[in-house]
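Inside the fold
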Amino acid sequence: MNRVARVATAGAPLVPARDWRFWLLLVALLALLAALLAPRVALTRPARDILLVIDVTGSMNVRDYATGGAPQTRLAAAKQAARALLAGLPCQSRLGLGIFTERRSFLLFEPAEVCENFAAIDGAIDGLDWRMAWEGDSYVTSGVHAALALAAGLKSDLVFMTDGQEAPPLAGGRLPAFDGKPGEVAGLLVGVGRTDPSPIPKFDQDGREVGFYSEQDVPQENRSGPPPEDAPSRAGWNPRNAPWGGEPATGTEHLSGMREEHLRALAAQTGLGFAPLDGAPGLIAAVEADTRARPVVTRIDTAAVPAALALFCLGVLFGLGAISSRRPGRLPVQ
Amino acid sequence: MSWAGSILDGLTRDWGVDHPLVLALMALALLPFLATPFVRRGIPSAALVPVDPLSRAVAAALRLAGCLAILALVLGLAGLHRREQSVEREGTGAHLVLLFDRSSSMDNSFADRAPTGDQESKSAAAKRLLAEFVARRPHDRIGVAAFSTSPMPVLPLTDHHEVVDAAIDAIDRPGLAFTDVGRGLALAFSYFADDTDETSRAVLLVSDGAALIDRRVQDALRDAAARTPVHLYWLFLRSRGSPGIFEVPPGEDTPQANPERHLHLFLQGLGLPYRAFEATSPQAVADAIAEIDRQETRPIRYVERVPRRDLARPAFMVAGFAVALLLAAKLAERRLAPARRTRAPAAEAAPARRAA
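Residues numbered from 1 in each chain as written. Chains lettered and ligands numbered in written order. Predicted model: local features only at pLDDT ≥ 70, side-chain atom pairs only at ≥ 80, totals over all residues.

1. A short note on the overall build of chain B
What counts is decided by this rule: Segments assigned H or I by DSSP are reported as helices when at least four residues long, segments assigned E as strands when at least two residues long, and all are numbered from the N terminus. Three exposure classes are used. Buried residues have 20 or more other C-beta atoms within 10 Å of their own C-beta, exposed residues have 12 or fewer, and partly exposed residues fall in between, all C-beta atoms being placed from the backbone. Think of it this way: build a C-beta for each residue from its backbone, and any pair within 7 Å is a contact.
Looking only at helices and strands, one finds 10 helices and 12 strands in chain B. Buried residues in chain B amount to 38% of all 356 residues. Restricting to contacts in chain B with at least 6 residues of sequence separation, those with at least 24 account for 83%.

2. Remarks on the overall build of chain A
Tallying secondary structure elements over chain A gives 8 helices and 15 strands in all. With the C-alpha coordinates of chain A rotated into their principal frame, the extents come out at 130 × 45 × 35 Å. A buried classification covers 38% of the 334 residues belonging to chain A. Within chain A, counting contacts between residues at least 6 apart in sequence, those at least 24 apart form 78% of the total.

3. Focus: the packing of helix α3 (residues 74–88) of chain A against helix α4 (residues 118–126) of chain A
The angle between the axes and the distance between the axes are what describe a pair of packed helices. All names here are of chain A. We count it as follows: Lines fitted to the C-alpha atoms define the axes, with helices restricted to the stretch that makes contact. Angles between their N-to-C directions range from 0 to 180 degrees. Oblique is the label for any angle not under 35 degrees, not over 145, and not in the 65 to 115 range, which are roughly parallel, roughly antiparallel and roughly perpendicular in turn. Note on convention: the crossing is left-handed when the near helix lies turned anticlockwise from the far helix by less than a right angle, right-handed when the turn is clockwise.
At a minimum axis separation of 9 Å, α3 and α4 run at an interaxial angle of 170°. Taken together, α3 and α4 sit at an angle that is classed as roughly antiparallel. Crossing geometry of α3 relative to α4 is assigned as right-handed. Contact with α3, carried on its side by Lys79, Ala82, Arg83 and Leu86, involves Ile121, Asp122, Ile125 and Asp126 of α4 and no other residues of that element.

4. Observations concerning the sheet that holds strand β2 (residues 81–82) of chain B
Residues and elements named next belong to chain B. Threshold: We treat two strands as partners when DSSP finds at least two bridges between them.
Here we have 3 strands laid out as an open sheet, ordered β1-β2-β11, and antiparallel in their pairing. Because the sheet does not close on itself, it has two edges, and the strands there are β1 (15–16) and β11 (309–310). Of the strand pairs in this sheet, β2 and β11 are connected by 2 bridges, and their pairing is antiparallel. Each bridged residue has a counterpart across the sheet, and for arginine 82 the counterpart in β11 is arginine 309.

5. Structural notes on the confidence of the model for chain B
All names here are of chain B. For clarity, the cut-off: Known as pLDDT, the predictor's per-residue confidence is scaled from 0 to 100.
Put simply, chain B has an average pLDDT of 80, and 90% of its residues get 70 or more. For residues 342–356, every residue scores under 50 in pLDDT, and the model assigns this stretch 32 contacts once sequence neighbours within four places are set aside. In the predicted complex, the global pTM is 0.72; the interface-specific ipTM is 0.73.

Rendered as structure tokens:
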């Protein structure tokens with residue numbers, strides 16, 4: 001009151017205005033100062049290290065997917081989903097690429113950071129082609145076992161995209177033994193293709209498509225190793241001259257459907273997960289479920305919180321001023 | 001409207017926000033023109049207020065400060081930033097395709113047996129020296145291709161050397177059986193098919209052997225060489241005891257007996273600038289790579305990237321100054337006190353100027 005009295009005696013009865021507007025402005029200013037000094041908080045995000053191996057054997061040329069009404073080969077569908085997966089991985093994840101044919105997984109490049117090298121990795125996946133295959137055989141089980149060893153050496157998780165078509169078929173239908181430790185490498189097998197069998201396109205030596213494989217074009221039975229137990233009941237069986245029977249084997253190995261049962265058994269043997277490929281979102285979800293997340297620290301700016309408070313204060317200040325009456329209700333009291 | 005579009009284009013090319021929807025809050029910036037932080041008070045007659053340009057200017061400045069504070073806050077919250085810029089610069093370098101032999105003989109030492117103890121396999125030596133080579137050439141655009149039994153594109157031409165290093169790291173993995181160098185070269189040439197830049201282009205073939213090139217592949221290679229003028233380097237990792245590529249062997253000199261020498265003759269006949277390096281030890285490989293490094297130093301336009309710059313904090317700073325100005329004005333606000341009756345006329349003669 002002293003001050004008021006002094007001002008009044010100086011000739012002007014003016015009182016500093018300390019109403020709610022003042023306090024809102026003060027809070028806004030303090031909030032802005034806080035925003036300028038706000039620390040960056042370390043948050044962890046799940047990045048993933050993935051070795052992606054894609055089957056490029058002949059059966060991947062089966063056109064049993066469709067995109068926009070046009071048939072799409074399994075390889076094209078796998079590549080499309082893999083590129084979507086690459087785009088969906090958070091930064092600081094790493095992705096390496098390999099291809100599978102014959103009985104080996106062949107590493108094209110070791111895992112590299114996905115955001116910085118996106119265009120190159122995307123181009124590399126897009127460049128995969130069945131012509132890269134160096135051999136017609138497709139020992140999927142050996143390929144998966146080799147890929148697991150490769151992934152273990154690279155300290156990555158494995159995403160193996162295949163249709164599970166063994167060519168030639170497994171001897172006696174039994175899975176070859178796995179000498180690694182199941183579950184040591186996390187990851188999943190992605191079953192590419194529809195489960196109902198479709199004919200496999202056949203190419204001549206110049207890479208032109210010349211029809212489909214017929215029953216006698218492909219081995220229908222694996223005749224290495226000891227003959228099966230039911231062999232003596234086959235027509236023309238002779239223990240020395242025809243241990244597998246006298247007739248050529250018949251079967252449906254020239255048709256290819258995704259071998260879900262085989263892949264599930266292989267996944268169980270090696271401790272991997274299994275997911276059929278049905279569009280990119282499903283693949284990303286399956287990869288997130290079956291691979292290990294590596295927490296990486298990202299710095300998040302917290303300035304937005306106090307800044308939002310400042311904006312709120314200013315909004316209230318000017319907003320209330322604007323909606324309250326433009327004209328004062330009455331003159332100051334006399 | 002095309003000019004508006006082009007202005008918008010110009011703005012969004014260099015500048016961006018992370019959360020565009022937040023920009024809708026910019027409508028709040030109109031409020032300071034409807035209200036002020038000061039208390040409205042009536043005065044008996046507007047005629048009492050003298051015309052004062054300075055007061056008007058201050059009033060307008062305070063409204064602008066309010067508007068600016070809100071605009072700056074909204075822009076800061078939306079995550080205003082200057083986009084990653086790319087600046088084109090001139091340097092020395094080349095567009096380079098590394099073509100690797102991934103056949104299993106590369107896994108042997110230069111003495112052509114499984115490496116023991118302190119020996120280095122040919123592929124491990126090539127890997128180490130090529131990684132150094134790539135690190136010395138920061139402006140190159142590099143693509144990677146491999147061949148063994150079949151040609152395999154590994155990486156398209158890229159500026160990002162980290163992934164190139166990852167591809168080089170993979171070359172000492174166990175390889176495949178054969179050496180189909182012809183189709184590998186055809187693949188490497190195809191990398192430049194739609195590369196229309198005027199820069200120097202080079203293919204660096206790294207292999208430890210060769211094989212017969214199919215006659216049709218030979219024709220295709222001659223075609224490709226005529227279409228795409230590239231510099232060709234062959235780094236031949238020669239194992240001890242294997243025939244060299246430069247000297248004419250004493251016995252039979254046929255492509256079947258000496259595929260390496262005949263590949264060399266074939267490459268010479270392509271009409272391209274071509275050099276072969278015969279390396280019999282890791283040191284010789286290092287010398288050859290240094291020589292290639294010296295050769296490929298022609299001007300290249302390369303793109304240098306200026307990283308994105310966040311402008312949220314500068315925006316908050318601007319908002320802070322504006323709010324501080326408003327607060328200072330608010331502190332200077334005085335309200336008319338109910339004065340003693342005797343002094344009432346004096347009180348009314350001093351209206352709060354900025355109450356407008």
